[in-house]
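Coordinate analysis (summary)
Listed below, chain by chain, are the residues.
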Amino acid sequence: MTDELTIDQRVALKTAATRLQTEFADTFSVETIERFLQSSYDQFAERASVDKYLPLLAERFARQRLHALGRVESGRNDGKPIVLFLCTHNAGRSQMAMGFFSHLAGDAALAWSGGSEPGEEVNPAAVDAMAERGIDISREYPKPWTDEIVRAADVVVTMGCGDACPIFPGRRYEEWVLDDPAGKGVDDVRPIRDEIERRVRQLLADLGLPAHS
């Protein structure tokens, strides 16, 4: 993919690499950081219809992956549980769940999400339904999961990805059976949204974390 980059994309990726190297200088080599950034870019480039924001998305995803790898390799836990929400396209259910969890847990925990077959954009009806609850997921983006992300998670919540969902020992797994909001309007997404909120609140209670209103 590197040979196909425009000059602007090359500059943007170089700038992203510099930021990541500054952030993770004490943890990873320059080669590891650049490899994660490039592989993250390639994963998005393979399915993107618009490439304007690819370097930014690649940087955000590479940062998450490096954070996960650092946690896995160090074996250190900062006391904040990581919950990973997975569905097929990472465009509806898992994005709403991550939105609710991040909003309700605040700084007490961290939420990630991913998909077995990531879509091109987050479902607009899901975005609108969450906006009704005062939660903005419009800046989120569908992304895959990677081994280091799953291994770094304390809790993995799956929603309809079936046999494609990853299984690693030592994690707490939950399967949430929920309707897929794909192709539905806001009226039909609202009940799914409300059920996701109920389950997220229950998960927070199970983890001993207070839910912020």
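Residues numbered from 1 in each chain as written. Predicted model: local features only at pLDDT ≥ 70, side-chain atom pairs only at ≥ 80, totals over all residues. Heavy atoms only, no water.

Things to note about the pairing of strand β1 (residues 82-87)
The following threshold applies: Three exposure classes are used, based on accessible area relative to the maximum for each residue type with a 1.4 Å probe and protein chains only: buried under 20%, partly exposed in between, and exposed over 50%. Put simply, DSSP marks the helices as runs of H or I at least four residues long and the strands as runs of E at least two long, and each gets a number from the N terminus on. A strand pair is defined by DSSP finding two or more bridges across the two strands.
In terms of residue burial, β1 counts as a mostly covered element, since six of its six residues are buried. Here β1 shows no split at all, with I82, L84 and L86 on one side and V83, F85 and C87 on the other all buried. Two strands pair when backbone bridges link them, and β1 and strand β2 (residues 110-115) are joined in this way by six bridges, in the parallel orientation. Looking across to β2, one finds that L86 is bridged to G114.

Notes on the environment of D26
On the secondary structure map, D26 appears in the loop between α1 (7-24) and α2 (30-45). The class for D26 is exposed, based on a relative accessible area of 83%. Sequence-wise, D26 and A129 are 103 residues apart; in three dimensions their C-alpha atoms are separated by 41 Å.

Examining the packing of aromatic side chains
Rules: We call Phe, Tyr and Trp rings a pair once their centres come within 6.5 Å, taking the six-membered ring for Trp, and we label the pair stacked below 30 degrees between planes, edge-to-face above 60, and tilted otherwise.
Enumeration over the complete set of coordinates arrives at five aromatic pairs. Measuring from ring centre to ring centre gives 5.9 Å for F85 and W176, while their planes differ by 55 degrees; the resulting arrangement is tilted. With F85 in strand β1 and W176 in the loop between β4 (172-175) and α7 (186-206), the pair connects residues that are 91 residues apart, well separated along the chain. W176 sits in the buried class, given a relative accessible area of 3%. Connected via pairs of aromatic rings, a cluster forms that spans F44, F61 and Y141.

Considerations on the sheet that holds strand β3 (residues 155-159)
Defined as follows: What counts as an axis is a line fitted to C-alpha atoms, over the stretch in contact for a helix, and the angles between N-to-C directions run from 0 to 180 degrees. In what follows, a contact means two residues having at least one pair of non-hydrogen atoms within 4.5 Å.
The four strands lie next to each other as β2-β1-β3-β4, forming an open sheet whose pairing is parallel. Each edge of the open sheet is held by one strand with a lone partner, namely β2 and β4. Neighbour-to-neighbour, the strand axes of this sheet turn through a mean angle of 20 degrees, independent of strand direction. Where β1 lies against β3, five bridges are found, and the strand directions are parallel. Counted as the bridge partner of V83 is V155 from β3. Along the sheet, helix α4 (residues 93-105) makes contact with β1, β2 and β3, crossing β2 at roughly 175 degrees.

Overview of the side chain of S113
Quick reminder of the rule: Under this definition, polar contacts are N or O atom pairs within 3.5 Å; protein pairs additionally need one hydrogen-donor-capable and one acceptor-capable atom, and for neighbouring residues in sequence, both atoms have to be side-chain atoms.
Relative to the assigned elements, S113 resides in strand β2. Polar side-chain contacts of S113 include one of 3.0 Å to the side chain of N90. A polar atom in the side chain of S113 sits 3.3 Å from the side chain of K143. Dropping the residues within four chain positions of it, S113 is found in contact with L84, F85, N90, S94, Q95, M98 and K143.

None of this, on its own, says anything about what the molecule does.
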